[in-house]
Amino acid sequence: MLKKLTTRAIQLRHLVIALAIMLILAGLRWIPETPMDVFPEFSPVKVEIQTEAPGLSSLETEQLISIPVEHAMNGIPHLKTLRSKSVLGLSSVVMLFEPNTQIDVARQAVQERLLLVSQRLPATAKTPVMLPPLSSLSRVLKIGLTSGQLSIQQLSTKALWTIRPRLMSIPGVANVAIWGLREPELHIQFNPLKLSQYQLSVSQVGQQVTSAISSEGSGYLDTDQQRLAVTYDRPTISKEDFMDMVVGINNGIPIKLGQVAEVEWHHAMPIGDAVINRGDGLLLIVEKHPDANTLKVTADIDRALKELKPGLKDVTLDATIFRPASFIEQAIDNLKQAILVGIALVAIILFWFLRKPGPAVISLVAIPVSLVTAILILTWLGISINTMVLAGLVIALGEVVDDSIIDLENILRAVEKNQNSQHPKSLLKVIVQASYEVRGAVIYATLIVMSVFIPVFFLEGIAGAFFKPLAYGYLLAISASLLVALILTPALAYCLLKNTRHIPHANSPELTVVNKWLSRMLEQPKKVVLGAMIGLCLIMCSIPFLGSEFIPAFKERDFLMHFVSRPTTSVEQMKKMTVRASEELMQIDGVRNLGAHIGRTEVADEVVGPNFGELWVSITPNVPYEETVQKINQTISGYTGIFTDVQTYLKERTKEVMSGNSSSIVIRLFGDDLETLRSKAEEIRQIIATEPGVIDLKVESQVLVPQIHVRIKNSHAAKYGINEAEIKQALTLMTQGKVQGEILMDQARFNVRLISNHPVRDNLMSLRQLQILSPTGAVVQLSDVADIYIQPTPNEVKRESASRKIDISANVAGKDSGGVASSIENKLSHIKLPDGYYIKFMGEYAEQRTATKTLIAYTSLALLVVFILIKTSLKSVRLTLMLFAMLPFAIAGGVLGIWFSGGVTSLGAMIGLIAVIGIAARNGILIISNVQQQSQNSAITKEILISAISSRTRAIAMTSLATTMALMPIIFKGPISGYEIEYPLALVVVSGLLFAVMANVVLMPSLLLITKSRNGTSL
């Protein structure tokens, strides 16, 4: 069958070549338009429900909202994890679903249950909102808005009603959250004394205001010929209209609103704020959908902002505070450059070995055809092209020419032999036979390389999301190269070698040197084996001293800093400290700009209190990276009583996806009683604090904070005819007011809020003196009818899997995170916990441990498959075991590469070890199969071994050097942007490949000679 395929390809060579050209042209046409991103989607399917509940404490929010919503969501199909967080006035319930769950199906199931539970929530709670689906790296752009002429309220109006709608209309944009928003509101500030004077109640005023501003249709009027709509023009669009509004009648005299209240433009109490560079401003955070491409969405936003700019003359827009597109472009450009330079280096190697342009061009053709085929198939399958896919193509770059080189080498040798023969055969038969001779070994070798990547496809979570695309790119490229060797290479060989004589192999000076060196090495095979075993043992003994990490730090030039104060800190105080920090950070050489958000905003992914802030800075490309990061760390860590850390967004997001926490090491403590959780968490913190290398150690700030409680004195309140509803209403109106409706101005809408003219916001005494108008007309103080006292309450409550939880988290500096986490786990194994309480280790360490166990378990399965394939190809158990004995030496070379890359085993390095195993087995099977062909069932001699190896040396040297040269651009530049994961992987592959070549060329022939001398038999 393979002979027929090759024969048909040569007979239809012009069609085959034309199809190859068309494929390359298709790639040139479509690949530049293929969307590219930095990383694949790595977060699980997530659905988040947020419910605003103004005035409810964290405990009340948990009991009245979070737990009912949790109970309603339990049992949803494919639900994996259920978490909730309750803070003052807000509940967030997060659901994580199993892999491969359709996001639309998950959201539909949640929506059906949400409709039922929303009817059972307290009246004070707003309608639950299901946040839009967001990608793993959701934040696509941060835009700072400042103005020297406009107030924050005016800036808020432009942001809310001009900028945000335009950005939300862009395809791929999921949400635009605005921090620092001071949305203008029309405040009706009533005077309780004047209401009493005119015998009016607050409820009457509220009813009149609501009625006046409500939108109601007035029907229509039918005439003989047409229908005319009837509408009521609401005059209440300005302060003056409100002042003239009649709100009641006293002794037959109409009472206007202006007689009992003042009407002013103001804003609601802030729940968050923003700092742009060194001062006031708004921070717009643009988030994207899971399937949206960051580069395209960013470009569309840039165009939209450019269109809006003429209408925003007094507004300064800064769209460079956080711009991940810059890092993506740099990372992809670096990998593209590595591919192009790698191709050039591979071409040099091929021309140097083959000496003539014809054979070199035949081998080089395999590169564009294989890579283009792989990219087009990935695009057709819906797999996004990202840095991990490109990394897989870079690794495969040297191997895609392997099949063609081996095929071409045998063809050249057969053509030369045929030309020197007394009875030469036709060129067609010679090429077909030469291709067929190596075809079996090449196919089995390719299947072996594909088999060793089996474990990668069993990786789950973030590890699987990162490395499966790499495996897809790598395997598709080498699969395409196999087809090229089967079909295209023989056709090109026939066309280009029809009248060409190649340089005889015997005249190659490099081959003569290799033969002499190999002859000397095989004179003492036992010493070769002994020396190899000693070297293997030394390298393998160093493995326990290797460090470990899951994913390395990324060389982004945008940084985020958590800035967390005591839970009772107000928004105003946090803003003062943030402005001070921003002034110091902006003085660092290279810091370009800064944006910070404090607290939270509505319908956003931050469920925090006013004590929580994030500062985002970007640095210019021309400053030293490590030195600037160190200065930022030193500056931000100088604030006593404030927890700070410095991270890149990519690193923070990967940690957040792994555990829901942005730290590398997370110890999650589960239990029911908050006080017990806090005490045990502090005990754990003290144990961890003794571990060297631990930084940023903290316990989640689930602490007790003071809260004012008001409880009615039933007997005292009865004297004045006051009930609980009137006290609650008075508290609401005196503290935050109550929205009565909204008014329309142009295309904007503004709330109308009824509030006291002296709102109680400053101190406890003013709350005690709050005046309440009784039904009898008497004005009494709140302290006369209610007890007012302070009682501690948790600032937030977190839950997971129907249990309360608290996190103890830390980062690692100066040591490998895996070693530190392992030591912490050993220390905590002796801690005693009450019944019903338990610890769960999460974060990078737990994810890496799971991924490592998966790789080890399924690598055993992959090696079994490889063993079967080798046995099927060589038809000898002894030779199969001998070839397997070479694999540890390839692994040893990879371990040496890990030491060269810093001595830390990352998941990328482990993938490199897997690739090395496949390459080593591939080269070994090609050599042994050639030995079998040349021995022809006769006894093995040194001369046969040298002849068999020398005939494959050129091919192995070319493929090995091609792979090495393809990875050299990554190795020489180091872990720059785009190479963070690929750099250790490349070092492992190159060093492992070097050891594998030496083992296959020197050690395996030595073993063959030793076993031959013992057994005296042939292969």
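Heads up: these notes are all about the structure in this document. Quick caveat, the model's predicted, so the values are computed rather than measured. Here, residues in each chain are numbered from 1, in the same order as that chain's written sequence. Side-chain atom pairs in this predicted model are given and counted only at pLDDT of 80 or more, local residue features only at pLDDT of at least 70, and totals for whole chains, interfaces and linings cover all residues. Note: side-chain values were computed over all heavy atoms of the structure, leaving out hydrogens and water.

## Details of a positive patch on the surface
Taken together, the side chains of Lys-3, Lys-417, Lys-425 and Lys-429 define a basic patch exposed on the protein surface. Where helices and strands are cited, they refer to DSSP runs of H or I of at least four residues and of E of at least two residues respectively, numbered from the N terminus. Considering the arrangement of structural elements, one finds Lys-425 in the loop between helix H14 (402-419) and helix H15 (427-451). Relative accessible area decides the class of each residue, using a 1.4 Å probe on protein chains only: under 20% of the type maximum gives buried, over 50% gives exposed, and in between gives partly exposed. With relative accessibility at 59%, the residue Lys-425 sits in the exposed group. Patch construction takes residues with relative accessible area above 30% that form no salt bridge. Like charges are linked within 9 Å, and nonpolar side chains (Val, Leu, Ile, Met, Phe, Trp, Tyr) are linked within 5 Å. All accessibility values rest on the Shrake-Rupley procedure with a 1.4 Å probe; residue burial counts only the protein chains present in the view. By definition, a salt bridge exists where a carboxyl oxygen of Asp or Glu is found within 4 Å of a side-chain nitrogen of Lys or Arg. Only four residue types enter the tally: Lys and Arg on the positive side, Asp and Glu on the negative side, with His and both chain ends excluded. Charge placement uses NZ in Lys and CZ in Arg. For Asp and Glu, CG and CD serve respectively.

## Digging into the sheet that holds strand E7 (residues 173-179)
Across a sheet, paired strands are connected by hydrogen bonds in the backbone, their directions being either parallel or antiparallel. Note: two strands are recorded as paired if DSSP finds a minimum of 2 bridges between them. Across the sheet, which stays open at both edges, the four strands sit in the order E7-E16-E6-E17 with antiparallel pairing between neighbours. The sheet terminates laterally at E7 and strand E17 (316-322), the two strands that pair on one side only. Mean inter-strand twist for the sheet, computed between neighbouring axes without regard to direction, equals 25°. Looking at chain direction, E7 and strand E16 (residues 282-288) are connected through six bridges and run antiparallel. Bridging across to E16, Val-173 finds its partner in Lys-288. Along the sheet, helix H10 (residues 294-308) makes contact with strand E6 (139-146), E7, E16 and E17, crossing E6 at roughly 20°. In this analysis, axes come from line fits to C-alpha atoms, helices being fitted only over the stretch in contact, and the angle between any two N-to-C directions falls in the range 0 to 180 degrees. Two residues qualify as a contact provided that any one of their heavy atoms is within 4.5 Å of a heavy atom in the partner residue.

## With respect to unusual backbone geometry
Of note in this structure, Asn-277 is not a glycine but carries a positive phi near 55°. Counting through the fold element by element, Asn-277 comes out in the loop between strand E14 (272-276) and strand E15 (279-280). You can call Asn-277 partly exposed: its relative accessible area is 23%. You will see that Ser-801, though not glycine, has its phi angle at about 55°, which is positive. Mapping Ser-801 onto the fold places it in the loop between strand E32 (796-800) and strand E33 (803-812). We classify Ser-801 as partly exposed; its relative accessible area is 48%.

## Observations concerning helix H3 (residues 58-73)
Helical geometry: 3.6 residues make up each α-helical turn, so side chains three or four residues apart lie on a common side. Roughly 35° is the biggest bend found in H3, and it falls at Ser-66, with proline Pro-68 one to four residues downstream. Looking only at H3, the buried set comprises Ser-58, Thr-61, Glu-62, Ile-65, Ser-66, Ile-67, Val-69, Glu-70, Ala-72 and Met-73. A residue's bend is simply the angle between two axes: one fitted to the seven residues ending at it, one to the seven starting at it.

## So, the pairing of strand E28 (residues 748-756)
Taken across its nine residues, E28 has seven buried, putting it largely inside the fold. Of the pairings in the sheet, the one linking strand E8 (residues 184-190) to E28 comprises five bridges and is parallel in character. Among the inter-strand pairings, His-187 is bridged to a residue of E28, identified as Arg-753. As judged from the seven bridges shared by strand E27 (residues 738-745) and E28, these two strands associate in the antiparallel manner. Counterpart to Lys-738 in the pairing with E28 is Leu-754. Between the end of E27 and the start of E28, which pair antiparallel, lie two residues, with Asp-746 showing a positive phi angle near 60°.

## A short note on the packing of aromatic side chains
The aromatic pairing rule takes the rings of Phe, Tyr and Trp, using the six-membered ring of Trp, and pairs them if the centres are within 6.5 Å, calling planes under 30 degrees apart stacked, those over 60 edge-to-face and the rest tilted. Per the counting criterion, the structure on display carries 12 aromatic pairs. Between the aromatic rings of Trp-265 and Phe-750, the centroid separation amounts to 5.5 Å while the plane-to-plane angle is 80°, which identifies the pairing as edge-to-face. Remark: Phe-750 occurs in strand E28 and Trp-265 occurs in strand E13 (residues 261-267); sequence separation between them is 485 residues. On the basis of relative accessibility, which here comes to 30%, the residue Trp-265 falls in the partly exposed class. Each residue in the set Phe-322, Trp-616 and Tyr-649 is aromatic and connected to the rest through ring pairs, giving one cluster. Above the ring of Trp-616, the side-chain terminus of Lys-142 is found at 3.9 Å from the ring centroid. The ring of Tyr-220 carries Arg-227 above its face, with NZ or CZ at 3.8 Å from the centroid. In our convention, an over-ring charge means Lys NZ or Arg CZ found within 6 Å of a ring centre and within 35 degrees of that ring's normal.

## Focus on the pattern of salt bridges
Summed over all chains, the structure comprises 33 salt bridges. When the shortest N-O distance is used, the salt bridge between Asp-222 and Arg-227 registers 2.9 Å. Taken together, the shared-partner salt bridges in this structure form one network comprising Arg-83, Arg-668, Glu-800, Lys-805 and Asp-807.

## What to know about the environment of His-266
By the element assignment, His-266 lies in strand E13. By relative accessible area, His-266 is classed as partly exposed at 33%. With 87 residues separating them in the primary sequence, His-266 and Trp-179 have C-alpha atoms 18 Å apart. Residue contacts for His-266: discarding those within four places in its chain leaves Gln-153, Glu-183, Pro-184, Glu-185 and His-187.

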